[in-house]
Amino acid sequence: MKSTISTSPIAGQKPGTSGLRKKTRIFMGHHYLENFIQSLFDVVGAEGKTFVLGGDGRYFNDRAAQVILRMAAANGAARVIVGQNAILSTPAASHLIRLNKTDGGIIMSASHNPGGPDEDFGVKFNMPNGGPAPEAVTEAMFARSCEISEYHIFEAEDVDLSRPGSHQLGGMRIDVTDPVADYADLMETLFDFNAIRALFKAGFRMRMDSMCAVTGPYAREIFETRLGAAPGTVINAEPLPDFGGMHPDPNPTWASDLMEEMMGENAPDFGAASDGDGDRNMVVGRGIYVSPSDSLAVLAANIHLAPGYKAGLKGVARSMPTSGAVDRVAAGLGVGAYETPTGWKFFGNLLDAGRVTICGEESFGTGSDHVREKDGLWAVLLWLNILAVRKESVSEILAAHFQKYGRNYYSRHDFEGVDSTRADQMFAALRERLKTLPGQTFAGLTVSEADDFAYHDPVDGSSSQKQGVRVIFGEGTRAVYRLSGTGTEGATLRLYLEAYSQGPDGLNEDPQSALADVIKAAHKIADIQGFTGRTSPDVIT
Ligand code: VG1
Ligand code: CO
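Report on the accompanying structure. Here the structure is a predicted model, which means the values were calculated and not measured.

## Describing empty space enclosed by the protein
Going through the model one piece at a time under the given rule, you end up with 7 cavities of 30 Å³ or more. Here the largest cavity defines a volume of roughly 250 Å³. Residue lining of the largest cavity: 26 residues in total, with Thr17, Arg280, Ser363, Lys374 and Thr486 positioned closest to the centre. In the lining of the largest cavity, the residues fall into 3 nonpolar, 10 polar and 13 charged. When its volume is computed, the second largest cavity comes out at roughly 110 Å³. Residue lining of the second largest cavity: 16 residues in total, with Ser18, Gly19, Lys124, Phe125 and Thr138 positioned closest to the centre. Contributing elements (two or more residues each) for the lining of the second largest cavity: strand 6 (120-126) and helix 5 (135-145). Classifying every residue of the lining of the second largest cavity gives 8 nonpolar, 6 polar and 2 charged.

Here it is, written out as structure tokens:
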């Protein structure tokens, strides 16, 4: 039976960098999820449409899926394709949206944020191209959530999502599908599985840490079953509602067990980790960490070694705070390099228009035109494909890359839980002073340019303002300041630091020491301590 329930607008349902992300208890609160889902359907339209639905398995994923299905049916949707147990990694959802030519998809995830009743939950909408909704759409959802007065929902029993099969809910068909198979098949079309299989057969050892999040079943099927990696290669492979208490953010801080193993004696040849919803990746060689910006550059330089990319690159794109390492590869190849604001949604138009093949962000995100999301396991497979063909170690490949292109020393410093008002004041003061900075010297570095990054989409002509403050100290050396759009507590200040070195000496420094002057200058310029009280970051990547 269909019910229409009166509701009142809920303030603050404003999607950030990557969907609407809030504390789980807020999402579980009275009409909260329902308000947002109705606003979403009101904006994109549900009548007669087909959607994909799945999530990263975190706490409330299963309940939210049932609510969304009942609301989709009551709003007149024709069909929903759901991952078994309401599980889908973000890249797998993107693929299913495209493969089935659907009208979009709803992904339940707060990505790398911890899960559980006292942690975070999230909902994002992806468009028919498989990519995150652009700003115009998320703004419209937010506006709708501020005026909504009712929502529609079916009163019905839970749908059995535990097995593949079809169900009917009112006039809507529900197809429960294996979350892994189609995605794994796609990977087989892109990479040389025979070469990677031979690599493992010859004794190559890998450790994949799925961090008790969504990639476990995908990684087991692909690495252990299809590629013959030793059983047990994938650890923390069971998706758990609270991610086993882990913080499924694949970086050296939160994936410290993996880092320890890879830096220790008897380390495997290759290590990787992924995040809550499977779109991020961290890659580690034996005894060597690969920064995401360097990983993007190495992947771009070698992508032609994978069968799905043998035609080479059309172009590359990176988010503005990501290091310029990939730009040097693009320049060498004579292809275009685009610089976009933070967040995967800005890559969609460039990919759809065929201007770029590979994209990446400094925040452990890499992907290509095979889907419209970043894709953690894809990046790991591309690395494996390159290692299998070049028959060199990760450290040899990196060393050769730096020799050829020089090295963009890079680090991101995060200051978490900062008072939001103070953070806003800091940015206001910084923006005010931007024009006066060029020519001034801080910690021995002279500012050459300073601006507030604005992006003009070359495909649809839309523009996005205030996407991060850049202070440039000459060729390849800079500090970037941004506030996070994915946090759920206070403000998170992100400080991105970069310094280019041409070598041949100076390619093997520790990044924090190579960046010491940039760090000092960045603190002075924004008076981080004065505004936030912080002298050192909480997380360094
Ligand atoms: C962070 C990252 C950004 C990424 C976003 C979503 O955003 O910095 O690069 O696109 O998370 O990633 P912010 O606004 O907190 O800096 V995920 O894995 O949540 O989809
Ligand atoms: Co993610």
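## As for the coordination of the cobalt ion (ligand 2)
The coordination sphere of the cobalt ion (ligand 2) contains the protein donors Ser111 (OG), Asp275 (OD), Asp277 (OD) and Asp279 (OD), at a distance range of 1.9 to 2.1 Å. Ordering the donors of the cobalt ion (ligand 2) by residue number gives the pattern S-x163-D-x1-D-x1-D. Residue Ser111 is found in the loop between strand 5 (105-108) and strand 6, and its partner Asp279 is found in the loop between strand 12 (270-274) and strand 13 (281-285); the two are separated by 168 residues along the sequence. Looking at Ser111, the relative accessible area reads 3%, which means it is buried.

## A short note on the environment of Asp419
Relative to the elements of secondary structure, Asp419 occurs in the loop between strand 19 (407-418) and helix 15 (420-433). We classify Asp419 as partly exposed; its relative accessible area is 45%. From its side chain, Asp419 meets the backbone nitrogen of Arg422 in a polar contact 3.0 Å long.

## Some points on the environment of Met208
For Met208, the location among the structural elements is in strand 10 (residues 206-209). In this structure the C-alpha to C-alpha distance between Met208 and Gln467, which are 259 residues apart in sequence, comes to 34 Å. Apart from residues lying up to four places away in sequence, Met208 is in contact with Thr215, Ala219, Phe223, Thr233, Val234, Ile235, Ala272, Ala273, Ser274 and Leu377.

## Section: the packing of helix 4 (residues 90-99) against helix 6 (residues 181-190)
Viewed as axis vectors pointing N to C, helix 4 and helix 6 meet at an angle of 85°, and their least axial separation amounts to 9 Å. Taken together, the axes of helix 4 and helix 6 are roughly perpendicular relative to one another. Seen from helix 4, the contacting residues are Pro91, Ala92, His95, Leu96 and Leu99; seen from helix 6, they are Asp182, Tyr183 and Leu186.

## Overview of the sheet that holds strand 19
One open sheet accounts for 6 strands, arranged 22-25-26-27-19-28; its pairing is antiparallel. What marks the edges here is a single partner per strand, and that holds for strand 22 (449-452) and strand 28 (539-540). Here strand 22 pairs with strand 25 (residues 469-472) via 4 bridges, running antiparallel. Its bridge partner lying in strand 25, Glu449 is registered against Ile472.

## Here's the deal with helix 7 (residues 193-201)
For helix 7, the set of buried residues is Phe193, Ile196, Leu199 and Phe200. Relative to the axis of helix 7, the buried residues are bounded by an arc of 120° and lie together on one face. Exposed residues pointing more than 90 degrees away from the buried face of helix 7 are listed as Asn194 and Lys201. Tucked inside the fold, the buried residues of helix 7 contact helix 6, strand 10, helix 8 (215-226) and helix 13 (376-390). Just past helix 7, the residue Gly203 takes up positive phi, approximately 105°.

## Remarks on the sheet that holds strand 9 (residues 172-177)
Ordered by their spatial adjacency, 7 strands build an open sheet running 2-6-5-3-4-9-8, and the pairing between neighbours is mixed. Both edges of this open sheet fall to strand 2 (20-23) and strand 8 (165-169), since each of them pairs with a single strand only. Between one strand axis and the next, the sheet turns through 20° on average, direction left out of account. Bridge count for strand 8 against strand 9 is 5 bridges, and the pairing is antiparallel. In the sheet register, Gly165 faces strand 9, and the bridge partner there is Val176.

## Quick notes on the side chain of Asp279
Under the relative-accessibility criterion, Asp279 is labelled buried at 1%. Leave out the neighbours within four places in its chain, and Asp279 touches Thr90, Pro91, Ser111, Lys124, Phe364, Gly365, Glu373, Lys374, Asp375 and Gly376.

## Description of the layout of surface pockets
The volume enclosed by the largest pocket comes to roughly 930 Å³. Elements with a contribution of two residues or more to the lining of the largest pocket: strand 2, helix 5, helix 15, strand 26 (478-483) and strand 27 (491-501). Per-element tally for the lining of the largest pocket: the top contributor is helix 15, with 4 residues. When the residues that make up the lining of the largest pocket are grouped by side-chain class, the tally is 7 nonpolar, 18 polar and 11 charged.

## Some remarks on the nonpolar core
Core analysis: the largest hydrophobic core is formed by 70 residues, its most contacted members being Phe191, Phe223, Trp378 and Leu384. Here this core takes 11 residues from helix 13, the largest share from any one element. Counting contributing residues per domain, this core is built from domain 1 (2-178) and domain 2 (183-405), each supplying no fewer than three. Filtering out sequence-adjacent residues up to four positions away, Trp378 remains in contact with Tyr183, Met187, Leu190, Phe191, Ile303, Tyr309, Ile358, Thr366, Gly367, Ser368 and His370. By size, the runner-up hydrophobic cluster in this structure holds 44 residues, among which are Tyr32, Ala46, Val82 and Phe121.

What counts, and where the lines are drawn
- Residues numbered from 1 in each chain as written.
- Chains lettered and ligands numbered in written order.
- Predicted model: local features only at pLDDT ≥ 70, side-chain atom pairs only at ≥ 80, totals over all residues.
- Heavy atoms only, no water.
- 1 Å grid on protein atoms, 1.4 Å probe; cavity = no way out; pocket = protein on both sides within 12 Å on 5 of 7 lines; lining within 4 Å.
- Points joined across faces, edges and corners; volume = space filled by probe spheres on them.
- Nonpolar A, V, L, I, M, F, W, Y, C, P; charged D, E, K, R; others polar.
- Helix = DSSP H or I, 4+ residues; strand = E, 2+ residues; numbered from the N terminus.
- Donors = N, O, S within 2.8 Å, 3.2 Å for Na, K, Ca; no water.
- Buried < 20%, exposed > 50% of the residue type's maximum accessible area, 1.4 Å probe, protein only.
- Polar contact = N/O pair within 3.5 Å; in protein donor to acceptor, adjacent residues only side chain to side chain.
- Contact = heavy atoms within 4.5 Å.
- Axes fitted to C-alpha atoms, helices over the stretch in contact; angles between N-to-C directions.
- Parallel < 35°, antiparallel > 145°, perpendicular 65-115°, else oblique.
- Pairing = 2+ DSSP bridges.
- Arc of directions from axis to C-beta.
- Core = buried A, V, L, I, M, F, W, Y, C linked by side-chain atoms within 4.5 Å.
- Domains from an automatic or database assignment.

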